[in-house]
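Examination of the molecular architecture
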Amino acid sequence: MAKSIQKELNRENLLNQGVALFIEQGYHGTGLQEILDAVSVPKGSFYNYFGSKEDFGAEVIQHYIDPFIVRLSTHLSKADTDALNAIRRYFDELIVELENNQFKGGCLLGNLMGEIGSTNDVCQQSLQSAIRRYRDLLQSGLAKAQQQGTVRSDKSSESMADLLINAWQGALLRMQIEKSSAPVKQCCQDLLEDYFKA
């Protein structure tokens, strides 16, 4: 029993370290030995947890997106919630965190899409899955807002969710080079406070 708990704890630590190092150094800039050393797991043991670096990368991607999905779901799931305001509050929280982190790192998904999105099939599929999960949740929130009459109904909730993700990812990249939250704030302002509104 204790051995399986330790194995799960090691796996979780490896994934957490993978997120941190991939954000800081990129996929190609991060070696397995560096990850293993950081969590005190012997090199030979890595393959007890993951089949390859590519498999590890794919799981890191899902591990990274899970908390964002949980947080957005929590905002949207509150009874009698104004869905558009829930989405706004969610993005407002992210912007505060980006500011507190001095705009370092941006989004692991966006970073990896640019670095390995078209060259690593295993990670590409994981990135597609993560973006789809995130998009589907935003779509359900926007559809709820349409039903509540706060979001325009002449555009599909799916197309607006895609637009929001695409604009947000671009704004995050620009935020990193400008060291300013202005691009992400403008993205939310232009879409959530203007373009999407009924």
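Scoring rules and cut-offs
Residues numbered from 1 in each chain as written. Predicted model: local features only at pLDDT ≥ 70, side-chain atom pairs only at ≥ 80, totals over all residues. Heavy atoms only, no water. Phe/Tyr/Trp six-rings, centres within 6.5 Å; stacked < 30°, edge-to-face > 60°. Buried < 20%, exposed > 50% of the residue type's maximum accessible area, 1.4 Å probe, protein only. Axes fitted to C-alpha atoms, helices over the stretch in contact; angles between N-to-C directions. Helix = DSSP H or I, 4+ residues; strand = E, 2+ residues; numbered from the N terminus. Parallel < 35°, antiparallel > 145°, perpendicular 65-115°, else oblique. Contact = heavy atoms within 4.5 Å. Nonpolar A, V, L, I, M, F, W, Y, C, P; charged D, E, K, R; others polar. Expected span 1.5 Å × (residues − 1).

Turning our eyes to something else, we now look at the packing of aromatic side chains. One pass over the full model with this rule turns up 12 aromatic pairs. Where Phe46 meets Phe50, the ring centres are 5.4 Å apart and the plane angle is 40 degrees; that geometry is what we call tilted. We note that Phe46, like Phe50, is buried. A centroid spacing of 4.8 Å and a plane angle of 65 degrees characterise the contact between Phe91 and Trp168, whose relative ring orientation is edge-to-face.

The subject of this paragraph is the packing of helix α1 (residues 2–25) against helix α4 (residues 53–77). Two elements in contact, α1 and α4, have axes separated by 9 Å at closest approach and are oriented at 85 degrees. For the element pair α1 / α4, the angle class is roughly perpendicular. Contacts from Arg11, Glu12, Leu14, Leu15, Asn16, Gly18, Val19, Phe22 and Ile23 in α1 reach Phe56, Gly57, Glu59, Val60, His63 and Tyr64 in α4. Class assignment for the residues of the contact of α1 with α4 results in 8 nonpolar, 4 polar and 3 charged.

As a further point, take the environment of Ala143. Looking at the secondary structure, you find Ala143 in helix α7 (residues 121–148). A relative accessible area of 22% places Ala143 in the partly exposed class. Along the backbone, Ala143 and Ser153 are 10 residues apart, and their C-alpha atoms lie at a distance of 8.7 Å.

With that settled, the discussion passes to helix α8 (residues 157–178). For α8, which comprises 22 residues, the first-to-last C-alpha distance of 31 Å matches the rise-based estimate of 32 Å (1.5 Å per residue) to within 8%. Within α8, burial applies to Ser157, Met160, Ala161, Leu164, Ile165, Trp168, Gln169, Ala171, Leu172 and Met175. Contact partners of the buried residues in α8: α5 (83–100), α6 (108–116), α7 and α9 (182–195). Positive phi appears at Lys179, one or two residues downstream of α8, with a value of about 55 degrees.

In short, geometric facts, not functional conclusions.
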